[in-house]
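Chain residues, written in single-letter form:
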Amino acid sequence: MSADDLDGILAFLRAAERLKTVTRSGWTSTGQPESVAEHTWRLCLMAMLLYGRAPGVDLARLLRMCLIHDLGEAIRGDVPAPAQAAPGAKSADERADLLELTAPLPTALREEIVGLWDEYEGVQSAEARVAKGLDKLETILQHTQGMNPADFDYDFNLGYGRRFTEGDPVLAALRDRLDEATRRRAADARRDP
């Protein structure tokens, strides 16, 4: 690896560090805003635990996809699902941000990351379908255990990302459990405003 390649990788890693402080709409169980990096960490943990030995799923590819799926958010931040306007707008912005973020990388690494992101965003493989489904479920899981604001819309989560969690028995079973936990949280929130 050349000195220029190492310098480019370091520049990329320094810029990606922003994901440790870019917050999402979720809250931790201790009341802290959840960072994109924290979401990504648990998403990868879910992938490893649930699909580490799954036939037909390349775990290494799945983990790489999970690691890079929100990299673009280092530039403009996260846009919560309920606030996303026109279909595809978030995707186009996030891809542009990903291209900016990965610009310092050696060409082969940049192309690999952008290719994985495109595959994930377009749900073009078994790994992309699993990553998309797990991404939605990790968000819902956080909302079932985090200290959400009083006006949190639990009903939104009951439909959120459903098309990405159907058809796979593991995702569907996990979805059923999280939907039940969401209903309990919603009922609790109505009782204790």
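Each remark here, short or long, concerns the structure printed above.
The following refers to the structure shown.

Turning our attention to the overall build of the chain. Looking only at helices and strands, the chain has 10 helices and two strands in total. Starting at the N terminus, the α and β elements of the chain follow one another as α-β-β-α-α-α-α-α-α-α-α-α. Here the C-alpha atoms of the chain give a radius of gyration of 17 Å, agreeing with the 16 Å that 2.2 N^0.38 yields for 193 residues. Projected onto its principal axes, the C-alpha coordinates of the chain cover approximately 60 × 35 × 30 Å. Looking at the 193 residues of the chain, the share that counts as buried comes to 42%. Of the contacts formed within the chain by residues at least 6 apart in sequence, a portion of 65% connects residues at least 24 apart. Total accessible area on the chain is roughly 10,200 Å²; 56% of this is exposed by carbon and sulfur atoms. Here the chain contributes 24 positive and 32 negative side-chain charges, whose respective centroids are spaced 4 Å apart.

Time to look at the packing of aromatic side chains. Applying the stated criterion across every chain, the model contains two aromatic pairs. It is Lys132 that lies over the ring of Phe164; its NZ or CZ is 5.4 Å from the centre.

Generally speaking, nonpolar side chains in soluble globular proteins are found buried as a group. Core analysis: the largest hydrophobic core is formed by 37 residues, its most contacted members being Tyr51, Leu62, Cys66, Leu71, Ile113 and Leu134. Among the secondary structure elements, those contributing two or more residues to this core are α1 (3-16), α2 (36-51), α3 (59-68), α5 (89-102), α6 (107-121), α7 (126-145) and α10 (169-191). Look past the residues within four positions of Cys66 in its chain and what remains in contact with it is Thr40, Leu43, Cys44, Ala47 and Ala131.

With that settled, the discussion passes to the packing of α7 against α10. Here α7 crosses α10 at 20°, and the two axes come no closer than 9 Å. On the basis of the axis angle, α7 is roughly parallel to α10. Viewed along their axes, α7 and α10 form a crossing whose handedness is left-handed. Contacts between α7 and α10 involve Arg129, Val130, Gly133, Leu134, Leu137, Ile140, Leu141, His143, Thr144 and Gln145 from the first element and Leu171, Leu174, Arg175, Leu178, Ala181, Thr182 and Arg185 from the second. The residue inventory of the contact of α7 with α10, partitioned by class, reads nine nonpolar, five polar and three charged.

The residue His69 is located in the loop between α3 and α4 (73-76) in this model. Among the polar contacts made by the side chain of His69, one reaches the side chain of His39 at a distance of 3.2 Å. A polar contact of 2.9 Å, which involves the side chain of His69, links it to the side chain of Asp70. Those residues in contact with His69 that lie beyond four places of it in its chain are His39, Thr40, Leu43, Glu94, Trp117, Tyr120 and Asp135.

Moving on: the pairing of strand β1 (residues 23-27). Bridge analysis of β1 against strand β2 (residues 33-35) gives two bridges, and the strand direction is antiparallel. Paired with Thr23 across the two strands is Ser35, which belongs to β2. Once β1 ends, the chain turns through five residues before running back antiparallel as β2, passing Gly31 with a positive phi of about 90°.

As a further point, take the pattern of salt bridges. Taken as a whole and assessed by the stated rule, the structure comprises 15 salt bridges. Of the charged contacts in the structure, one is a salt bridge between Glu180 and Arg183, with a shortest N-O distance of 3.9 Å. Of this pair, Glu180 and Arg183 both sit in helix α10, three residues apart, which is roughly one turn of the helix. Residue classification places Glu180 among the partly exposed positions, given a relative accessible area of 36%. Here the salt bridges do not stand alone but share partners, grouping Arg24, Glu34 and Asp70 into one network.

Here the phi dihedral of Val123 falls at roughly 50°; this positive angle occurs in a residue that is not glycine. Counting through the fold element by element, Val123 comes out in the loop between α6 and α7. Take Val123: its relative accessible area is 22%, and that puts it in the partly exposed class.

A separate point is α7. Taking 1.5 Å of rise per residue, 20 residues should cover 28 Å, and α7 covers 29 Å from first to last C-alpha, within 8% of that figure. Taken across its 20 residues, α7 has 16 buried, putting it largely inside the fold.

With that out of the way, let us pick up α6. The terminal C-alpha atoms of α6 lie 21 Å apart, and with 15 residues this matches the ideal 21 Å at 1.5 Å per residue to within 8%. Phi turns positive, to about 50°, at Val123, one or two residues after α6.

Cut-off values and rules
- Sequence positions are assigned chain by chain, starting from 1 and proceeding in written order.
- Per-residue local features of the predicted model are confined to residues with pLDDT of at least 70, and side-chain atom pairs are confined, for both listing and counting, to 80 or more; whole-chain, interface and lining totals are unaffected and use all residues.
- With hydrogens and water excluded, all non-hydrogen atoms of the structure serve as input to the side-chain values.
- In this description a helix means any DSSP run of H or I spanning at least four residues, a strand means any run of E spanning at least two, and both kinds are numbered starting from the N terminus.
- Every radius of gyration here is taken over C-alpha atoms, with the globule rule written as 2.2 Å times N^0.38, N being the number of residues.
- With a 1.4 Å probe rolled over the protein chains alone, any residue whose accessible area is under 20% of its type maximum counts as buried; one over 50% counts as exposed, and the rest are partly exposed.
- Every residue pair with non-hydrogen atoms within 4.5 Å of one another is taken to be in contact.
- Surface accessibility follows the Shrake-Rupley procedure with a 1.4 Å probe radius. Residue values consider only the protein chains on display as shielding.
- Two residue types count as positive, namely Lys and Arg, and two as negative, namely Asp and Glu; His and chain ends fall outside the count.
- Lys charges are placed at NZ, Arg charges at CZ, Asp charges at CG and Glu charges at CD.
- Side-chain rings of Phe, Tyr and Trp (the six-membered ring for Trp) are treated as a pair once their centres are within 6.5 Å; stacked means planes under 30 degrees apart, edge-to-face means over 60, and tilted covers the remaining angles.
- By definition, being over a ring means that NZ of Lys or CZ of Arg is both within 6 Å of the ring centre and within 35 degrees of the ring normal.
- Residues belong to one nonpolar core when they are buried, are Ala, Val, Leu, Ile, Met, Phe, Trp, Tyr or Cys, and are joined through side-chain atoms within 4.5 Å.
- Axis definition: a line fitted to C-alpha atoms, limited for helices to the stretch in contact. Angles are taken between N-to-C directions and run from 0 to 180 degrees.
- Put simply, angles under 35 degrees are roughly parallel, angles over 145 are roughly antiparallel, angles from 65 to 115 are roughly perpendicular, and the rest are oblique.
- Here a crossing is called left-handed whenever its near helix is offset anticlockwise from the far helix by less than a right angle, and right-handed whenever the offset is clockwise.
- Classification convention: Asp, Glu, Lys, Arg as charged; Ala, Val, Leu, Ile, Met, Phe, Trp, Tyr, Cys, Pro as nonpolar; all other residues, Gly among them, as polar.
- Any N or O atom pair separated by 3.5 Å or less is treated as a polar contact, with the protein-specific requirement of one donor-capable and one acceptor-capable atom, and with residues adjacent in sequence counted only for side-chain atom pairs.
- By definition, two strands form a pair when at least two bridges between them are found by DSSP.
- Criterion for a salt bridge: a side-chain nitrogen of Lys or Arg within 4 Å of a carboxyl oxygen of Asp or Glu.
- How far a helix is expected to stretch is found by multiplying one less than its residue total by 1.5 Å.

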